[in-house]
Amino acid sequence: MPAAVLALAWSSVAGAQVAATRDYLARMDTDGNGRVSLAEYQAWMGYAFAQMDRNRDDRLTADELPGGRGREVSLAEHRQRLAEAFRRQDSNRDGVLDARELAAPPQ
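Residues numbered from 1 in each chain as written. Predicted model: local features only at pLDDT ≥ 70, side-chain atom pairs only at ≥ 80, totals over all residues. Heavy atoms only, no water.

Things to note about the pattern of salt bridges
Counting across every chain of the model gives three salt bridges. A salt bridge links Arg 54 to Asp 63, with the shortest nitrogen-to-oxygen separation between them at 3.8 Å. Each member of the pair, Arg 54 as well as Asp 63, is classed as exposed. Note that Arg 71 and Glu 77 form a salt bridge whose closest N and O atoms lie 3.3 Å from each other. Take Arg 71: its relative accessible area is 51%, and that puts it in the exposed class. (Salt bridge = Lys/Arg side-chain N within 4 Å of Asp/Glu carboxyl O. Buried < 20%, exposed > 50% of the residue type's maximum accessible area, 1.4 Å probe, protein only.)

Pasting the structure below:
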């Protein structure tokens, strides 16, 4: 494949990734400042916990977990794990995630 075709293909993929990342950022960024705070990240990433917590006791018990088994997880534990993931993604350590940091592979 000629180099020009490869370059064009790569720029299309890179452009699609940026557009998708910006869309993702826009959905997470509830205050519209172009960055995602820890609270916004936890709210967005915590949606599955809320959906699985059928009795709304802020704990996922085995019967609420996929497959009906596993170790109980509290909302506080879940939010702590999300905070740790957020800190790993925040490569410049400014306390917020921008589009570049959101697009980076998880650390």
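Regarding the packing of aromatic side chains
Under the criterion given, the structure shown has two aromatic pairs. A centroid spacing of 6.5 Å and a plane angle of 55° characterise the contact between Trp 44 and Tyr 47, whose relative ring orientation is tilted. (Phe/Tyr/Trp six-rings, centres within 6.5 Å; stacked < 30°, edge-to-face > 60°.)

Details of the nonpolar core
One finds Leu 25, Met 28, Val 36, Tyr 41, Leu 82, Ala 85, Phe 86, Leu 97 and Leu 102 forming the largest nonpolar core, which totals nine residues. Mapped onto this core, the elements with two or more residues apiece are helix H1 (3-28) and helix H4 (75-89). Among the elements that take part in this core, H4 stands out by supplying three residues, more than any other. Residues within four places of Leu 82 in sequence aside, it is in contact with Tyr 41, Gln 42, Met 45 and Gly 46. (Core = buried A, V, L, I, M, F, W, Y, C linked by side-chain atoms within 4.5 Å. Helix = DSSP H or I, 4+ residues; strand = E, 2+ residues; numbered from the N terminus. Contact = heavy atoms within 4.5 Å.)

A few points about the packing of helix H2 (residues 38-45) against H4
In contact at an axis separation of 10 Å, H2 and H4 are set at 125° when each is read in the N-to-C sense. Of the possible angle classes, the one that applies to H2 and H4 is oblique. In this structure, H2 crosses over H4, and the sense of that crossing is right-handed. Two secondary-structure elements touch here, H2 through Leu 38, Tyr 41, Gln 42 and Met 45 and H4 through His 78, Arg 79, Leu 82, Ala 83, Ala 85 and Phe 86. (Axes fitted to C-alpha atoms, helices over the stretch in contact; angles between N-to-C directions. Parallel < 35°, antiparallel > 145°, perpendicular 65-115°, else oblique. Left-handed = near helix turned anticlockwise from the far one by under 90°.)

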